[in-house]
Amino acid sequence: MTTATDIDRKSLTEYLLRLGDTSLILGHRLSEWCGHGPVLEEDIAMSNIALDLIGQARLLYTYAGTVEGEGRDEDDFAFKRDVTDWKNLLLAEQPNGDFAATMVRQFLIDCFNVELYTSLSKSTDTELAAIAAKSLKEVTYHRRHSGEWIIRMGDGTDESHRRVQRALDDHWIFVDELFETDALDAAIVAAGIGPDLKSLRPAWDSMVDRVLAEATLTRPQTDFPRSGGRTGSHSEYLGFILSDLQFMQRAYPGMEW
Amino acid sequence: MSDLRDKKGYENWDEAGVARFEALLAAEEKVEPRDWMPDGYRKLLVRQISQHAHSEVVGMLPEGNWLTRAPTLKRKAVLLAKIQDEAGHALYLYSACETLGTTRDETIEALHDGRAKYSSIFNYPTLTWADIGAIGWLVDGAAIVNQVMLCRCSYGPYARAMERICKEESFHQRQGYEIVTKLAQGTPEQKKMAQEALNRWWWPSLMMFGPHDSESTHGNQSTEWKIKRRSNDDLRQHFVDMTVPQAEILGLTVPDPDLKWNEERGHYDFGPIDWDEFKRVLKGGGPVGRERLNARRKAWEDGAWVREAALAHAEKRRARRQAAAAE
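All residue numbers refer to positions counted from 1 along the written sequence of the respective chain. Both sets of labels track the order of writing: A upward for chains, 1 upward for ligands. Given that this is a predicted model, residues contribute local features only at a pLDDT of at least 70 and side-chain atom pairs are listed and counted only at 80 or more, while totals for whole chains, interfaces and linings are drawn from all residues. No hydrogens and no water enter the side-chain calculation; it runs on all heavy atoms of the structure.

Q: Before we go on, may I ask you to explain the overall build of chain B in this structure?
A: By the criteria applied, helices consist of DSSP H or I runs no shorter than four residues and strands consist of E runs no shorter than two, each listed in order from the N terminus. Counting its regular elements, chain B contains twelve helices and two strands. Ordered by position from N to C terminus, the α and β elements of chain B give α-α-α-α-α-α-α-α-α-β-β-α-α-α. A radius of gyration in this sense is built from C-alpha atoms; the matching globule rule multiplies 2.2 Å by the number of residues raised to 0.38. Its C-alpha radius of gyration of 22 Å places chain B within 12% of the 20 Å reference for a compact globule of 327 residues. Dimensions of chain B along its principal axes, counting C-alpha atoms only, are 75 × 55 × 30 Å. Residue contacts are counted whenever heavy atoms from the two residues lie within 4.5 Å of one another. Of the contacts made within chain B by residues no fewer than 6 positions apart, 76% connect residues no fewer than 24 positions apart. Per element, the accessible surface of chain B, about 14,900 Å² overall, is 52% carbon and sulfur. Between the averaged position of the 47 positive side-chain charges in chain B and that of its 49 negative side-chain charges there is a distance of 5 Å. Accessible areas in this description were obtained via Shrake-Rupley with a 1.4 Å probe; residue shielding takes into account the shown protein chains only. Charge assignment in this entry is limited to Lys and Arg as positive and Asp and Glu as negative, and neither His nor the chain termini are counted. Charge positions come from single atoms, namely NZ of Lys, CZ of Arg, CG of Asp or CD of Glu.

Below, the structure is given as structure tokens:
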């Protein structure tokens, strides 16, 4: 394992948790659909995508535990942190809403993940590069799936067009956060571990614009973007997610399952 | 074969067809969708396969309850994979139904308007994590006993669907048993959780095999047509014989004071099943029967615009391709 040496363990752990938390929370949200999808094929697809995301989170958490060196495992990270210690993107924790809202949330993150994992698969940190290479195959499929639905819904019926446009307008306030950077990102970039997130935006824009055009949807504008997820400033939704996610470990602490 | 004209289920009579059909059954060969088959055979299969498909779909709900609350990430992933398999099983089964001439939408509508049934077991609630273990161990365990038999069913598409399903179900059963094992070997609280789950799920699991042979409406005809190869009571006994020792290994008590090994029969004797409860639950009177069906109806109704959008988009694409080709 070649971990870049010019970054401290705490920073790398934090970075891995940012990645893992977004995967887990988004996977958790998708799993809420299971059994309630619009058609059986989508129950299968959404469960499959949730499985991929939860799988990514497990790899990232396990690696974070190794880097941190304090004996924490994947379940410690998932079940024993409260809201302000979570570092996921705000977009990931937004409620499922209707199928249009879920697919818009998914598509915006999928497009980001494809660019992010493409870059991370070339990380100087070989362990992270391996996780990213595996994840890249998955998120590429996810983007195809969600992108196709954006097109079907946008260029489907009047109702589906209206719903997906509204979902797009509602979720656009969370887009800027995807590309936001702070001191931790600067250190990660300097160590060659991960990309400058701002640099991912042009490719993201062009993919999103291409799909929106085919879907006959209008790219929204927003004056008041939201952010803060990566540093623990979340929406009220995350606490409710955690009260489900962590119920067993909180109610029955220290037991084996 | 002239007596067949008057036989129930053979109303759509065809001499050559009947001869071939009966020959296939006699030779233990499979009846395929293009073969002539009695209307009654077709009807019985549609009834049974659709009921089975609906059970897979409704069965996603009690387990889905615990996806967001699974105690570890590994358990969460395994449970997701299991429920995903069940959705896949439903797809194979709806496809098998389609080979008999009923569309998936028609089959699903029959569930929603109450004409079609699903296994009564899913009208019981999953109250604790141990119930997820109990469903895998007992409910999937009972399902396997039934499904292994159905791999030998005379209708080809159903038998083949069952072979695929059985492979996955045996994995489900093992993971369920493993969940319960972990609880049974755990703290007193965990052990209590496991025992209570066994108490809740034992009798409903025995009911999954259906009424006693003497009471079964479709049993004889189904056996004659080699759809069903073993009787309800026979399958139930097999399940009890298989499961009681598993409970003993875990140190859990099967909630039946009459349960005891019968040396002479070489089987366990067990107490009387509450058939009033069975009938009530089957008709939707179970603890969460109304909720289950409402959840399915809601998913279908809420998804209508999505399905319509997909169709409308496919139609637009087709029209555009056609227009482009015409140029």
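Q: Just checking my understanding: could you explain the overall build of chain A for this structure?
A: Across its full length, chain A carries twelve helices and zero strands. Here chain A has a C-alpha radius of gyration of 18 Å; the compact-globule value for 257 residues is 18 Å, and the two agree. Dimensions of chain A along its principal axes, counting C-alpha atoms only, are 55 × 45 × 35 Å. Three labels apply to residues, based on accessible area from a 1.4 Å probe with only protein chains included: buried if under 20% of the type maximum, exposed if over 50%, partly exposed otherwise in between. Of all 257 residues assigned to chain A, the portion counted as buried reaches 60%. Considering only contacts in chain A between residues 6 or more positions apart, those separated by 24 or more positions represent 81%. When the accessible surface of chain A is summed, it comes to about 9,900 Å², and 51% of that surface belongs to carbon and sulfur atoms. Measuring between centres, the 26 positive side-chain charges of chain A sit 1 Å from its 43 negative side-chain charges.

Q: What is the right way to read the interface of chain B and chain A from this model?
A: Listed per partner, the contact involves 48 residues of chain B and 48 residues of chain A. Surface buried jointly by chain B and chain A totals about 4,100 Å² across both partners, of which 69% is contributed by carbon and sulfur atoms. Salt bridge, as applied in this entry: a Lys or Arg side-chain nitrogen positioned within 4 Å of an Asp or Glu carboxyl oxygen. Along the contact surface separating chain B from chain A lie four salt bridges. Two residues, Glu214 of chain A and Arg317 of chain B, come together in a salt bridge whose shortest N-O distance is 4.0 Å. Buried surface area refers to the total accessible area, computed with a probe of radius 1.4 Å, that the two partners give up upon joining, counted for both partners together.

Q: In this structure, what is going on with the packing of aromatic side chains? I would like to understand it.
A: Aromatic ring pairs: the centre-centre distance and the angle between the two ring planes describe each pair. Two rings from Phe, Tyr or Trp (for Trp, the six-membered ring) form a pair when their centres are within 6.5 Å of each other. A pair whose planes differ by under 30 degrees is stacked, one over 60 is edge-to-face, and the rest are tilted. With the rule as written, the count across this model stands at 19 aromatic pairs over all chains. Note on Tyr61 of chain A and Phe77 of chain A: the rings are 5.8 Å apart at their centroids and 40° apart in plane angle, and the pair reads as tilted. Of this pair, Tyr61 of chain A sits in helix 2 (residues 40-68) while Phe77 of chain A is found in helix 3 (residues 74-79), placing the two residues 16 residues apart along the sequence. Seen from their ring centres, Phe112 of chain A and Phe179 of chain A are 5.6 Å apart, and the 85° between their planes marks the pair as edge-to-face. In this pair, Phe112 of chain A is assigned in helix 5 (residues 99-120) and Phe179 of chain A in the loop between helix 8 (175-178) and helix 9 (183-190), connecting sequence segments 67 residues apart. The pair formed by Phe112 of chain A and Phe179 of chain A is uniform in burial state, with each residue classed as buried. Through a chain of ring-to-ring contacts, three or more aromatic side chains come together here, namely Phe21, Trp36, Tyr41, Tyr155 and Trp225 of chain B. Either the NZ atom of lysine or the CZ atom of arginine qualifies as a charge over a ring when it sits within 6 Å of the ring centre and within 35 degrees of the ring normal. Its end group placed over the ring of Tyr92 of chain B, Arg164 of chain B keeps NZ or CZ at 3.9 Å from the ring centre.

Q: I tried to follow the confidence of the model for chain B on my own but got confused; where do I start?
A: One rule of thumb: low pLDDT means the predicted coordinates there are not for detailed reading. The pLDDT averaged across chain B works out to 94; a share of 97% of its residues lies at or above 70. Reported for the predicted complex are a pTM of 0.95 and an ipTM of 0.96. Every residue is assigned a pLDDT by the predictor, reflecting its confidence on a scale from 0 to 100.

Q: Where do I start with a negative patch on the surface in this structure?
A: All names here are of chain B. In this analysis, a patch consists of residues with relative accessible area above 30% that form no salt bridge, clustered at 9 Å for like charges and at 5 Å for the nonpolar side chains Val, Leu, Ile, Met, Phe, Trp and Tyr. Where like charges cluster on the molecular surface, the negative patch consists of Glu98, Asp105, Glu106 and Glu109. If you tally residues by element for the negative patch, the top one is helix 4 (residues 104-112), at three residues. In this fold, Glu106 is placed in helix 4. By relative accessible area, Glu106 is classed as partly exposed at 42%.

Q: How do you make sense of the environment of Ala142 of chain B when you look at a structure like this?
A: Residues and elements named next belong to chain B. For Ala142, the position within the fold is in helix 5 (residues 129-150). C-alpha of Ala142 to C-alpha of Val240: the two residues are 98 residues apart in sequence and 9.1 Å apart in space. In contact with Ala142, not counting residues within four places along its chain, are Ser205, Met208, Phe209 and Phe239.

Q: I tried to follow the nonpolar core on my own but got confused; where do I start?
A: A general trend in soluble globular proteins is that nonpolar side chains are found buried together. The biggest cluster of nonpolar side chains holds 182 residues, and the ones touching the most others in it are Ile150 and Trp204 of chain A together with Trp129, Tyr155 and Trp202 of chain B. Beyond its immediate stretch of four places on either side in the chain, Tyr155 of chain B contacts Val31, Glu32, Pro33, Met37, Tyr41, Leu45, Ile49, Ala96, Thr99 and Leu100 of chain B. Definition of nonpolar core: a set of buried residues of the types Ala, Val, Leu, Ile, Met, Phe, Trp, Tyr and Cys, connected through side-chain atoms within 4.5 Å.

Q: Got a minute to help me understand the pattern of salt bridges in this structure?
A: Pairs can form between side chains of opposite charge once their charged atoms are near each other. Tallied over the full model, the rule gives 38 salt bridges over all chains. Across the salt bridge formed by Arg219 of chain A and Asp209 of chain A, the nearest N and O atoms sit 2.7 Å from each other. One end of the pair, Arg219 of chain A, is in the loop between helix 10 (201-214) and helix 11 (237-245); the other, Asp209 of chain A, is in helix 10, with ten residues separating them in the sequence. Taking relative accessible area as the criterion, Arg219 of chain A reaches 28% and is therefore assigned partly exposed. Since its relative accessible area comes to 33%, Asp209 of chain A is described here as partly exposed. For Lys82 of chain B, the salt bridge goes to Glu63 of chain B, with nearest N and O atoms at 2.3 Å. Taken together, the residues span a long stretch of sequence, with Lys82 of chain B in helix 3 (residues 73-98) and Glu63 of chain B in helix 2 (residues 39-64) at a distance of 19 residues. Across the pair, exposure class does not vary: Lys82 of chain B and Glu63 of chain B are buried alike. Salt bridges linked by common partners bring Asp176, Arg201, Asp205, Asp209 and Arg219 of chain A together as one network.

Q: I'm lost on empty space enclosed by the protein in this one. Help?
A: Unoccupied space between atoms shows up once a probe the size of one water molecule is rolled over them. Residue and element names in this part refer to chain A. Lining residues are defined by having an atom within 4 Å of a point belonging to a cavity or pocket. Those points lie on a 1 Å grid over the protein atoms alone, cavities being sets where a 1.4 Å probe fits but cannot get out and pockets being open sets with protein on both sides within 12 Å along at least five of seven lines. Grid points are joined across faces, edges and corners, and a volume is the space filled by probe spheres set on the points. Applying the stated criterion across every chain yields a total of three cavities of 30 Å³ or more. Here the largest cavity defines a volume of roughly 150 Å³. Looking at the largest cavity, it is lined by 15 residues, and the ones nearest its centre are Arg18, Leu19, Thr22, Phe112 and Leu116. Mapped by element, the contributors of at least two residues to the lining of the largest cavity are helix 1 (9-31) and helix 5.

Q: Explain the state of the cysteines to me, please; I cannot follow it from the model alone.
A: Here a disulfide denotes a covalent bond joining the sulfur atom of one cysteine to the sulfur atom of another. A pair of cysteine sulfur atoms is labelled a disulfide when the two atoms are within 2.5 Å. Applying the stated rule across the entire model yields zero disulfides over all chains. In this structure Cys151 of chain B is a free cysteine whose sulfur lies 3.7 Å from that of Cys166 of chain B, the closest cysteine sulfur available.

Q: Before we go on, may I ask you to explain the packing of helix 1 of chain A against helix 5 of chain A in this structure?
A: When two helices pack together, their arrangement is given by the angle between the helix axes and by the axis-to-axis distance. Residue and element names in this part refer to chain A. Every axis corresponds to a line fitted to the C-alpha atoms, with the helix fit spanning only the stretch in contact, and the corresponding angles, defined between N-to-C directions, vary from 0 to 180 degrees. The N-to-C vectors of helix 1 and helix 5 enclose an angle of 150°; their axes lie 12 Å apart at closest approach. Classified by the interaxial angle, the pair formed by helix 1 and helix 5 is roughly antiparallel. In this structure, helix 1 crosses over helix 5, and the sense of that crossing is left-handed. Of the residues in helix 5, those in contact with Tyr15, Leu19, Ser23, Leu26, Arg29 and Leu30 of helix 1 are Thr102, Arg105, Gln106, Ile109, Leu116, Tyr117 and Leu120. For this classification, Asp, Glu, Lys and Arg are treated as charged, while Ala, Val, Leu, Ile, Met, Phe, Trp, Tyr, Cys and Pro are nonpolar and the rest, including Gly, are polar. For the contact of helix 1 with helix 5, the per-class residue count stands at eight nonpolar, three polar and two charged. Angle categories are assigned with fixed cut-offs, so that under 35 degrees is roughly parallel, over 145 is roughly antiparallel, 65 to 115 is roughly perpendicular, and the rest are oblique. A crossing counts as left-handed when the near helix is turned anticlockwise from the far one by less than a right angle, and as right-handed when that turn is clockwise.

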